[in-house]
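Given next are the chains, with one letter for each unit.
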Amino acid sequence: MVDASVFIVSAAIIILGALGVILSKNPVRAALSLVASFFGVAVLFVLQEAHFLSLVQVVVYGGAIVVLFLFVIMLLGVDKAENLRIEPLVGQRYAGVLAGVGFCAIICAGLFLSGPGGEDGAVALTGTPTQEQARIIDATTPDINQLATDLFGRNVLAFEATALLLTIATVGAVVLVKNQKKPVPASVAAHSAADSENSSENTELDAENEVDE
Amino acid sequence: MEVTETWYLVLSAVLFSIGLIGLLVRRNPLVMFMCVELMLNAVNISFVAFSGAFNDIAGQSAVFFVLVVAAAEVVVGLSLVVMLMRYRASATIDDLSVLKG
């Protein structure tokens, strides 16, 4: 009963936060709604006894990623409200909503139709893991120990690959935002005659900030 | 009333769809990135739910990797946005059409 009430409250926070992200005109409000949604997800992780992931969810998603978003919003000064009435591509909005609702309907139909009685939907979708594939959760060991054993044991190659990925991302970010001496292409310059001077003085600041991240 | 994994999977599907709608409808590149984060979080919810359903830690490891990829994606994506905004102050994702040859 407690579980169900915690689930319902945090699910409501998650959904309302997500709706806040896609409906708010101001990007700063969207970022703050995103934080609410991430916190709801962290609560659900605690409910499922994934304590370490819940911590990481708050620190990495709610902390680092959203702060990075806010940094970029403030740095570029795009925190002014967007006019959501303008719809450059006619029918895009309806088509997008239709695609999203249709996708949700397909997933839910698969979930409820696949299993006998609906309750076994998850198992019926993926099949039960075989004995040698399974890494059974031991309730007496803390989940962080088990996660570490799995990460540095079976998944150590994937773990190394993520280290490489992070290095590439850092180098890529530095290369992308560093001061470029090349002339702006004519087609782009034509668009940007008005705002060229206020963007060029931000350049060094941008580069420094991205290196920190 | 017991919370089964089906509850989590339905929530995950709804959250993913909201992110998908946002990605298709919004044109501010920053908000579009936030919608991608929502979709990744929806997948994380279902990974942890499967981990609980099968009593198997592999689902939680998958969440860890998703987290790393999300961080890398945001870093590169936001530096692309910074670059785009240098050329035009009020850029929308449509302005990336300057990339066509």
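Residues numbered from 1 in each chain as written. Chains lettered and ligands numbered in written order. Predicted model: local features only at pLDDT ≥ 70, side-chain atom pairs only at ≥ 80, totals over all residues. Heavy atoms only, no water.

Participant: Pulling in residues and values, what's your account of the overall build of chain A?
Facilitator: The helix and strand inventory of chain A stands at 10 helices and 0 strands. For chain A, the residues scored as buried account for 35% of the 213 residues in total. Summarising the internal contacts of chain A: among those between residues at least 6 apart in sequence, 54% fall at separations of at least 24. Put simply, chain A shows about 12400 Å² of open surface, and 68% of that area lies on carbon and sulfur atoms. (Helix = DSSP H or I, 4+ residues; strand = E, 2+ residues; numbered from the N terminus. Buried < 20%, exposed > 50% of the residue type's maximum accessible area, 1.4 Å probe, protein only. Contact = heavy atoms within 4.5 Å. Areas by Shrake-Rupley, 256 points an atom, 1.4 Å probe, with all protein chains shown as cover.)

Participant: Describe the overall build of chain B, and please don't skip the residues or the numbers.
Facilitator: Within chain B one finds 3 helices and 0 strands. N-terminal to C-terminal, the α/β element order of chain B is α-α-α. For chain B, the C-alpha radius of gyration of 17 Å lies well beyond 13 Å, the compact-globule estimate for 101 residues. For chain B, buried positions account for 68% of its 101 residues. (Rg over C-alpha atoms; globule rule 2.2 N^0.38 Å.)

Participant: Run through the environment of Val56(A), naming residues and quoting values.
Facilitator: Mapped onto the elements, Val56(A) comes out in helix α3 (residues 51–76). By relative accessible area, Val56(A) is classed as buried at 10%. For the pair Val56(A) and Ala42(A), spaced 14 residues apart in the sequence, the C-alpha separation amounts to 8.6 Å. Here Val56(A) is in contact with Tyr61(A) and Leu67(B), once residues within four sequence places are set aside.

Participant: Just give me the short version of helix α2 (residues 27–47) of chain A, but keep the residues and values in it.
Facilitator: All names here are of chain A. In a regular helix each residue adds 1.5 Å, so 21 residues correspond to 30 Å; α2 covers 31 Å between its end C-alpha atoms and thus fits that length. When you tally the buried positions in α2, you get 15 out of 21 residues, the bulk of the element. In this structure Asn-26 caps α2, since a side-chain oxygen of it lies 3.0 Å from the backbone nitrogen of Val-28. Looking one or two residues beyond α2, the residue adopting positive phi is Glu-49, at roughly 65°. (Expected span 1.5 Å × (residues − 1). Polar contact = N/O pair within 3.5 Å; in protein donor to acceptor, adjacent residues only side chain to side chain.)

Participant: Please give an account of the packing of aromatic side chains that cites residues and values.
Facilitator: Going through the model one piece at a time under the given rule, you end up with 8 aromatic pairs over all chains. On the basis of an interplanar angle of 5° and a centroid distance of 6.0 Å, the ring pair of Phe50(B) and Phe54(B) is categorised as stacked. Of the two residues, Phe50(B) and Phe54(B) both sit in helix α2 (residues 29–54), 4 residues apart, roughly one turn of that helix. What makes Phe50(B) buried here is its relative accessible area of 18%. Given a relative accessible area of 18%, Phe54(B) falls into the buried group. An aromatic cluster of at least three residues, connected via ring pairs, comprises Phe152(A), Phe159(A), Phe64(B) and Phe65(B). (Phe/Tyr/Trp six-rings, centres within 6.5 Å; stacked < 30°, edge-to-face > 60°.)

Participant: Could you give an account of the interface of chain A and chain B, naming the residues involved and the relevant values?
Facilitator: Contact with chain A, which involves 94 residues of that partner, is made by 72 residues of chain B. Surface buried jointly by chain A and chain B totals about 7800 Å² across both partners, of which 75% is contributed by carbon and sulfur atoms. For the pair chain A and chain B, the number of links is 0 salt bridges. At the boundary of chain A with chain B, the tally comes to 7 residue pairs in polar contact (both at pLDDT 80 or more). Among the elements that take part in the side of chain A that touches chain B, helix α4 (residues 92–114) of chain A stands out by supplying 13 residues, more than any other. (Buried area = accessible area lost by both parts, 1.4 Å probe. Salt bridge = Lys/Arg side-chain N within 4 Å of Asp/Glu carboxyl O.)

Participant: Account for a nonpolar patch on the surface, naming residues and giving values.
Facilitator: There is a patch of nonpolar side chains on the surface, built from Met1(A), Ile8(A) and Met1(B) and spanning about 380 Å² of accessible area. Here Met1(B) shows up in the segment before α1 (5–25). (Patch = residues over 30% accessible without salt bridge, like charges linked within 9 Å, V, L, I, M, F, W, Y side chains within 5 Å.)

Participant: Describe helix α3 (residues 58–87) of chain B, and please don't skip the residues or the numbers.
Facilitator: Here α3(B) spans 44 Å end to end across 30 residues, near enough to the 44 Å set by a 1.5 Å rise per residue. Most of α3(B) is tucked away: 23 of the 30 residues are buried.

Participant: Pulling in residues and values, what's your account of unusual backbone geometry?
Facilitator: Phi at Glu49(A) takes a positive value of approximately 65°, unusual for a residue other than glycine. Following the sequence through the fold, Glu49(A) ends up in the loop between α2 and α3. With relative accessibility at 55%, the residue Glu49(A) sits in the exposed group. Although it is not a glycine, Asn55(B) sits at a positive phi angle of roughly 55°. Structurally, the position occupied by Asn55(B) is in the loop between α2 and α3.

Participant: How would you summarise the side chain of Ser46(B) if you had to cite specific residues and measurements?
Facilitator: Residue and element names in this part refer to chain B. If you trace the backbone, Ser-46 turns up in helix α2. Judged by relative accessible area, which is 12%, Ser-46 ranks as buried. Contacts of Ser-46, omitting those with residues within four sequence positions, involve Leu-9 and Ser-12.

Participant: So what's going on with the packing of α4(A) against α1(B)? Residues and values would help.
Facilitator: Running from N to C, α4(A) and α1(B) point in directions that differ by 165°, and their axes come no closer than 8 Å. The orientation of α4(A) with respect to α1(B), classified from their angle, is roughly antiparallel. α4(A) and α1(B) meet at a crossing whose hand is right-handed. Among the residues forming the contact of α4(A) with α1(B), the class breakdown is 18 nonpolar, 5 polar and 1 charged. (Axes fitted to C-alpha atoms, helices over the stretch in contact; angles between N-to-C directions. Parallel < 35°, antiparallel > 145°, perpendicular 65-115°, else oblique. Left-handed = near helix turned anticlockwise from the far one by under 90°. Nonpolar A, V, L, I, M, F, W, Y, C, P; charged D, E, K, R; others polar.)

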